[in-house]
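Architecture and fold: a report
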Amino acid sequence: MVAGVARYARMFGGLARYTLAREMAFRGNFLVKVSVELLWMAILVAFYKTVFAKTTTIAGWSEPDYFFFVGCFFAINGLIETLFLDNCNEFAELVRTGDLDFLLLKPIDEQFLVSCRKMDWGTAPNLLMGAALMVVALVQKGWEFDAGRVAAFAVTFACGVAIAYSFMMMLTSVSVWMVRNQSLMEMWWLFSSLARYPRGIFEGRGTEALGRFFTFVVPILLVSNVPAEVMVRVFDPGMIAWTVAVAAGSLWVSRRFFQYALRAYRSASS
């Protein structure tokens, strides 16, 4: 077990170094992508600063708390985009051209190779910018160190990444039948847009059912809400346990669905 994990860790490191070397071969393109991410973060921060100049809270979140939430979303989304998004976007093309055959022949777990074969280093700064924004928000809040909250945040942050990855893999797997996955990836952007907002915006009349749906049925609101709430707002053991359970269940379901999709795949030679 340990040897297997170490083997895949080494492979992941090798793939990461290889994609970084390829990215650095076109440094101008890399710098433009990083500049776009920095500009997007600056615009978003300026927008929320303008909003908080007119009000003291948004859906019950104070300014430092809300900026911590925004930083948490940026960090999770940056991690997902860096590690998985490009790979999942290209899966439909592998199916269409039959190049998926060559990946399936390799003595490596298929899901690992499909979802982790390269990294998009141009979006990696989002993780760092999100972390920096969270630190600044904690300083502004005057947050006092709490080991329990930090541990709970680390666990729920990892669970948020797992939930987002599971949704992405399930959408990607459908490409085996649909071949083109442009509309499926647009659905992913819809899910990621929902994760960008606090659950409190659904507490108004007529929207509570929608908030419960995206918390308990299609639990995309757990991705960044729970880690942020655990760290700077309410420490809710029940919601933490639900997030851990959803992450484990989502990973299991997405794994089984991906394997089912591969069994339905017809290779280029068939």
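Structure report, in brief. Since this is a predicted model, take the numbers as computed values, not measurements.

Moving on: the overall build of the protein. When helices and strands are tallied, the protein shows twelve helices and two strands. Beginning at the N terminus, the succession of helices and strands in the protein can be written as α-α-β-β-α-α-α-α-α-α-α-α-α-α. In terms of overall dimensions, the protein is globule-like: its C-alpha atoms have a radius of gyration of 20 Å, near the 18 Å expected for 270 residues. Its C-alpha atoms put the protein at 60 × 45 × 40 Å along the principal axes. In the protein, which comprises 270 residues, the share counted as buried stands at 47%.

The nonpolar side chains of soluble globular proteins are, as a tendency, buried together. Grouped together as the largest cluster of nonpolar side chains are 76 residues, with contacts concentrated most on Phe68, Val70, Ile80, Leu100, Trp188 and Ile220. For this core, the leading source of residues is helix α3 (residues 63–97), giving 18 residues.

Here we come to the state of the cysteines. Every disulfide links exactly two cysteines, by a covalent bond between their sulfur atoms. By the definition in use, this model includes zero disulfides. Free cysteine: Cys72, not disulfide-bonded; nearest cysteine sulfur from Cys159 at 12 Å. Unpaired in this structure, Cys88 has its nearest cysteine sulfur neighbour in Cys116, at a distance of 8.6 Å. A relative accessible area of 0% means that Cys88 is categorised as buried.

Moving on: the pattern of salt bridges. Taken as a whole, this structure holds nine salt bridges when the rule is applied. Glu208 serves as the salt-bridge partner of Arg212, at 3.9 Å between the closest nitrogen and oxygen. With a gap of four residues between them, Arg212 and Glu208 both fall in helix α10 (residues 208–217), about one helical turn apart. When its relative accessible area of 46% is taken as the criterion, Arg212 is described as partly exposed. Look at the salt bridges and you will find they share partners, linking Glu90, Arg117 and Lys118 into a network.

This next bit is on the side chain of Arg149. Note on placement: Arg149 falls in helix α7 (residues 147–173). The charged side chain of Arg149 is buried without a salt bridge, its nearest counter-charge being Asp146 at 4.1 Å. Once residues within four sequence positions are removed from consideration, Arg149 is found in contact with Trp143, Glu229, Val230, Met231, Val232, Arg233, Val234 and Phe235.

A separate point is unusual backbone geometry. One non-glycine residue, Ala59, adopts positive backbone phi at about 55 degrees. Here Ala59 lies in the loop between β1 (57–58) and β2 (61–62).

Moving on, we get to helix α6 (residues 125–141). Because each turn of an α-helix spans 3.6 residues, side chains separated by three or four positions in sequence point in the same direction. Relative to the 24 Å expected for 17 residues at 1.5 Å per residue, α6 spans 24 Å between its end C-alpha atoms, a close match to the ideal helical length. For α6, the full list of buried residues reads Pro125, Asn126, Met129, Gly130, Leu133, Met134, Ala137 and Leu138. Here the buried face of α6 lies against α2 (27–52), α3, α7 and α11 (222–232). Positive phi appears at Gly142, one or two residues downstream of α6, with a value of about 75 degrees.

All told, the structure shown has 18 aromatic pairs when counted by the stated rule. Pairing Phe52 with Phe67 gives two aromatic rings, centres 6.1 Å apart and planes at 40 degrees, and the pair type is tilted. Of this pair, Phe52 sits in helix α2 while Phe67 sits in helix α3, and the two are 15 residues apart along the sequence. Look at Phe52 and you get buried, because its relative accessible area is 8%. Ring centres of Tyr66 and Phe69 lie 5.8 Å apart, and the angle between their planes is 50 degrees; this geometry places the pair in the tilted category. Of this pair, Tyr66 and Phe69 both sit in helix α3, three residues apart, roughly one helical turn.

This next bit is on the environment of Ala16. Summarising the element assignment, Ala16 is placed in helix α1 (residues 2–24). Among residues more than four places away in sequence, those in contact with Ala16 are Met119 and Trp121.

What counts, and where the lines are drawn
- Throughout, a residue's number is its position along its own chain's written sequence, starting from 1.
- Where local features are concerned, this predicted model is filtered to residues with pLDDT of at least 70; where side-chain atom pairs are given and counted, the filter is 80 or more; whole-chain, interface and lining totals use all residues.
- Working from all heavy atoms in the structure, the side-chain values ignore hydrogens and water.
- Helix and strand assignments come from DSSP, with helices taken as H or I runs of at least 4 residues and strands as E runs of at least 2, each series counted from the N terminus.
- Values of the radius of gyration come from C-alpha atoms, whereas the globule rule sets the reference at 2.2 Å times the count of residues to the power 0.38.
- Think of it in three bands: residues with accessible area under 20% of the maximum for their type are buried, residues over 50% are exposed, and the middle band is partly exposed, with areas taken using a 1.4 Å probe on protein chains only.
- We define the nonpolar core as a collection of buried residues of types Ala, Val, Leu, Ile, Met, Phe, Trp, Tyr and Cys that are connected through side-chain atoms lying within 4.5 Å of one another.
- Any pair of cysteine sulfurs within 2.5 Å is marked as a disulfide.
- The term salt bridge refers to a pairing of a side-chain nitrogen on Lys or Arg with a carboxyl oxygen on Asp or Glu at a separation within 4 Å.
- Charge assignment in this entry is limited to Lys and Arg as positive and Asp and Glu as negative, and neither His nor the chain termini are counted.
- Contacts are assigned to residue pairs that have any heavy atoms within 4.5 Å of one another.
- Expected span, for any helix, means 1.5 Å times one less than how many residues it has.
- A pair of aromatic rings is counted whenever rings of Phe, Tyr or Trp (Trp by its six-membered ring) have centres within 6.5 Å, and the orientation is called stacked for planes under 30 degrees apart, edge-to-face for over 60 and tilted otherwise.

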